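Tertiary structure, described
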Amino acid sequence: MVKIMYASITKKIVMSLVGLFLTSFLVVHMSINLLILFDDTRQLFNEAAHFMATNPFIQTFQWILFIGFIVHIILGLVLQIQNWMARPVGYDRKGSSEMSFFSKYMIHTGAIVFIFLLLHFANFFVKAKFGHLEEITYDSGTFEDLGILVVQLFQDGGYVAFYVIAILLLGFHLEHGFQSAFQSLGLNHNKYTPVIKVVGTLFSIAITLGYIAIPLVIYFS
Amino acid sequence: MDLTLKIWRQASGLDKGKFVNYKVGNISHDASFLEMLDILNEELVIKGDDPVAFDHDCREGICGACSLYINGRPHGPDRGITTCQMHMRNFKDGETIVIEPWRAKPFPVIKDLMVDRTAFDKIIQAGGFVSVRTGGVPDANAIAIPKHDADLAMDAAACIGCGACVAACKNASAMLFVSAKVSQFALLPQGRPEAHERVQKMVAKMDELGFGNCTNTYACEAECPKEISVANIARMNREFLTAKIVAQKA
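Just so it is clear, the model here is predicted, and its values are computed rather than measured.

Each regular strand displays side chains that alternate between the two surfaces of the sheet. Residues and elements named next belong to chain B. Of all 5 residues that make up strand E5 (residues 96-100), 4 are buried, and the element is covered over most of its length. As defined by bridge partners, strand E1 (residues 3-9) adjoins E5 across 4 bridges and the pair is classed as parallel. What sits directly across from leucine 5, in E5, is isoleucine 97. For strand E3 (residues 69-70) and E5, the ladder comprises 2 bridges, and the chain directions are antiparallel. Across the sheet, the residue bridging to tyrosine 69 is glutamate 100, located in E5.

Here's what the structure looks like:
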């Protein structure tokens, strides 16, 4: 079992490294998504999507990313189950100690983000990869119109609401996760830790706002 | 002041246990929390009831014997003190105080509010020491130690091993305790020869005993009566990672 094979700190270190690696994906994905807001013809977005789907480096990297997600999810579950097992009899009075608020809900925010990820996968990735998409022609050539899929999906108020909530929870997950990763890696320093905490908060806010802007702008325009 | 105490009663480790309400009256604001429990126990003994079992020893905050999870906080309200140092002025007249034992799988209840904290001793036995040969008293200034390092080592060594960190942690993790014990040696030259071996053995024992994992929630630091910093946890993570990478297997 994982518990016997790896020490608690080893699991936390792997969790942190993979978590930080996955944030790079969030940045790249968001940058491409935001392109859809810049022109009505969706040319920038469709060209970028085409590049991502055909570039051999990105295609290889994609598999590392999948493994990263799986490791982060499985390790998160293993750690959480061990944590529950460490206190078989709970307290009558709920703990009222001061603590990092979002750290208490990493498994919950993580679980909802995971459900979102599955849905998102079915809605975009599977359709783009295996389904048939409409084609659109620009000056630079003919591309599959992934953009129209996004625009159509974001007409559904219910989906937009779920999207926004899931991203907000992702933001909470990042708010704790970012600075926590550095602590787990042993990078705690009286000069740099306060900076890391501020950067982590700003990063999670930027990611949240960036992702949320897209469905909201499309839905309300 | 008059109080209602909701206390966890459990005859033994095998017993299921339950909460029992007690009334205590005429308690001074200046009484310590344990003195208040002594008064309750005297009344229980007079009535022929079984007194409430709780751990205590020095009653001046240095031995680490007292515990108690009071109103959702280890060692009760107020920062940087043990239960024995806490006074009844922290509570309001007529208040109901919920008193529970530390809750963690490696800390089984012995009786009522007493838990078995042998698990901490086992972690220390695994590597929380410096092996020395006996001989003459070494010169105090033979090894130069920077003041800052000496201070940090002393801060870590202030840990009294009470287990409040485990009790406060939502995961019942012992990382603050173990990291304080690892740090007090890791920071000093005398602790370096065995540093890599020590951190690995102590962490392995901690995991084996069934303590939870650290989520960097920092409730431990907030509740520690000696205000041990979570920077020690980062130091232990660093020591552990370094040991895993550079330590040669025997």
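For the rest of this paragraph, the subject is the packing of helix H3 (residues 43-54) of chain A against helix H4 (residues 56-85) of chain A. Residue and element names in this part refer to chain A. Between H3 and H4, the least distance of the axes is 5 Å, while the angle of their chain directions is 70 degrees. The angle between H3 and H4 falls in the class roughly perpendicular. Across the interface between the two elements, Phe51, Met52, Ala53 and Thr54 from H3 touch Pro56, Ile58 and Gln59 from H4. Looking at the contact of H3 with H4, its residues break down into 5 nonpolar, 2 polar and no charged.

How big an interface is tends to be expressed through the accessible area that disappears when the partners come together. All names here are of chain B. The assigned domain composition of chain B is domain 1 (3-110) and domain 2 (117-246). Spacing between the C-alpha centres of domain 1 and domain 2 amounts to 29 Å. Counting from both sides, the interface comprises 22 residues of domain 1 and, opposite them, 22 residues of domain 2. Taking both sides of the interface into account, the surface hidden between domain 1 and domain 2 amounts to around 1,700 Å²; carbon and sulfur atoms contribute 56%. Interface area lost by domain 1 to domain 2 is led by Pro74, Pro106 and Phe107, which between them contribute 33%. Our enumeration of links across domain 1 and domain 2 arrives at 3 salt bridges. Among the ionic pairs, glutamate 223 bridges to arginine 73, the shortest N-O distance being 2.8 Å. In this structure, the connection of domain 1 to domain 2 is made through 7 residue pairs in polar contact (both at pLDDT 80 or more). In the side of domain 1 that touches domain 2, the residues fall into 11 nonpolar, 7 polar and 4 charged.

Residues and elements named next belong to chain A. On strand E1 (residues 135-138), burial follows the alternation: Ile136 and Tyr138 on one face are buried, whereas Glu135 and Thr137 on the facing-out side are not. Relative to strand E2 (residues 141-144), E1 is paired through 4 bridges, and the arrangement is antiparallel. Each bridged residue has a counterpart across the sheet, and for threonine 137 the counterpart in E2 is threonine 142. Taking the residues between adjacent antiparallel strands as the criterion, E1 and E2 are bridged by 2 residues.

All right, on to the environment of glycine 177 of chain A then. Looking at the element boundaries, glycine 177 of chain A is found in helix H7 (residues 157-184). In the structure, glycine 177 of chain A is positioned 71 residues away from methionine 106 of chain A in sequence and 8.1 Å away in space, judged by C-alpha atoms.

The next point concerns the sheet that holds strand E2 (residues 18-24) of chain B. All names here are of chain B. Pairing in this open sheet of 5 strands is mixed, and the strands run E2-E1-E5-E3-E4 from one edge to the other. Among the strands making up the open sheet, the edge pair consists of E2 and strand E4 (73-74). Note: E3 against E4, 2 bridges, orientation antiparallel. Each bridged residue has a counterpart across the sheet, and for tyrosine 69 the counterpart in E4 is proline 74.

Let's shift gears to the side chain of histidine 120 of chain A. Residues and elements named next belong to chain A. Its location among the elements puts histidine 120 in helix H5 (residues 106-130). A relative accessible area of 16% places histidine 120 in the buried class. If we ignore the near neighbours within four places in the chain, the residues touching histidine 120 are His29, Phe125, Tyr159 and Tyr163.

Taken together, the contact pairs 37 residues of chain A with 49 residues of chain B. Where chain A abuts chain B, roughly 3,400 Å² becomes buried across the two surfaces, and 50% of that area is made up of carbon and sulfur atoms. It is Ile9, Tyr91 and Arg93 of chain A that lose the most area in chain A upon contact with chain B, and together they represent 19% of the buried surface on that side. Linking chain A to chain B there are 1 salt bridge.

Scoring rules and cut-offs
Residues numbered from 1 in each chain as written. Chains lettered and ligands numbered in written order. Predicted model: local features only at pLDDT ≥ 70, side-chain atom pairs only at ≥ 80, totals over all residues. Heavy atoms only, no water. Buried < 20%, exposed > 50% of the residue type's maximum accessible area, 1.4 Å probe, protein only. Helix = DSSP H or I, 4+ residues; strand = E, 2+ residues; numbered from the N terminus. Pairing = 2+ DSSP bridges. Axes fitted to C-alpha atoms, helices over the stretch in contact; angles between N-to-C directions. Parallel < 35°, antiparallel > 145°, perpendicular 65-115°, else oblique. Contact = heavy atoms within 4.5 Å. Nonpolar A, V, L, I, M, F, W, Y, C, P; charged D, E, K, R; others polar. Domains from an automatic or database assignment. Buried area = accessible area lost by both parts, 1.4 Å probe. Salt bridge = Lys/Arg side-chain N within 4 Å of Asp/Glu carboxyl O. Polar contact = N/O pair within 3.5 Å; in protein donor to acceptor, adjacent residues only side chain to side chain.

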